[in-house]
Amino acid sequence: MWWLAVLVGIVAVLGAYATWTVTRVERLHRRARAAESALLAKLDDRAETVLRFVGNPGFEEVVALALSVVAVPADTQRQRELREYAENDLTHALRELAADPVWTEDLDSANRRVALARQIHTDFVRDAVASRSLPVSVILRLHHRLPRPAYWDIDDPVQ
């Protein structure tokens, strides 16, 4: 009779561990999606900050790039790639601008927020992708049920 109690205890511990792991993997994927939404919001905010300088001399190219960033949603994989290219072009164009006290503080602040959101998103995606290879995740085939989070391949705007 004691072996039945041990068997029930082992099954209960394994079930608790499996439940905990599934909850953790789903939570990490949810956080990665939330971090991606926050990153997109910060990228949009940066583009809107650039758009405030419409009509200023020297901002024609940067404003055009910001408009292309705002115009591209990130719903499909192709749109996401186009958005990454547009964001990288905008980052390079912003780096080439001469420092001007009128706009430097606003753009520096927007760039810092983008860099922070990008780092947080990268950390959450790394953790979510790593959680997909846990033994319980593989056994329960969570990698088939949950969409794999993807990194945003954009340059760091603070460099």
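Look up a bit, the structure's there.
By convention here, each chain's residues receive numbers from 1 onward along its written sequence. Residue-level local features of this predicted model are given only where pLDDT is at least 70; pairs of side-chain atoms are given and counted only at 80 or more, and the full residue set underlies all totals for whole chains, interfaces and linings. Based on all heavy atoms of the structure, the side-chain values leave hydrogens and waters out of the count.

1. Quick look at the packing of helix α1 (residues 2-51) against helix α2 (residues 60-71)
1) Next: Angles shown run from 0 to 180 degrees and are taken between the N-to-C directions of axes, each axis being a line fitted to C-alpha atoms and, for helices, limited to the stretch in contact. Strands are runs of DSSP state E lasting at least 2 residues, helices are runs of H or I lasting at least 4, and numbering of each runs from the N terminus. Contact geometry for α1 and α2: axes closest at 9 Å, N-to-C directions at 145°. By crossing handedness, the relation of α1 to α2 is classed as left-handed. Contact residues: A47, V50 and L51 in α1; V62, V63, A66, L67, V69 and V70 in α2.
2) Next: Residues were grouped as follows: Ala, Val, Leu, Ile, Met, Phe, Trp, Tyr, Cys and Pro as nonpolar; Asp, Glu, Lys and Arg as charged; and all remaining residues, including Gly, as polar. Along the lines of polarity and charge, the residues of the contact of α1 with α2 split into nine nonpolar, no polar and no charged. Two helices cross in a left-handed way if the nearer one is turned anticlockwise from the farther one by less than a right angle. They cross in a right-handed way if the turn is clockwise. It only takes one pair of heavy atoms within 4.5 Å for two residues to be counted as in contact.

2. Overview of helix α3 (residues 77-96)
1) Next: The length a helix should cover is 1.5 Å for every residue beyond the first. Compared with the 28 Å implied by 1.5 Å per residue over 20 residues, the 29 Å span of α3 between its first and last C-alpha is a close match.
2) Next: The buried label goes to any residue with under 20% of its type's maximum accessible area, the exposed label to any with over 50%, and the partly exposed label to all in between, with areas taken from a 1.4 Å probe on protein chains only. Regarding α3, the residues found buried are R80, R83, E84, A86, E87, N88, L90, T91, A93 and L94.
3) Next: Those residues of α3 that are buried are in contact with α1, α2 and α4 (104-131).

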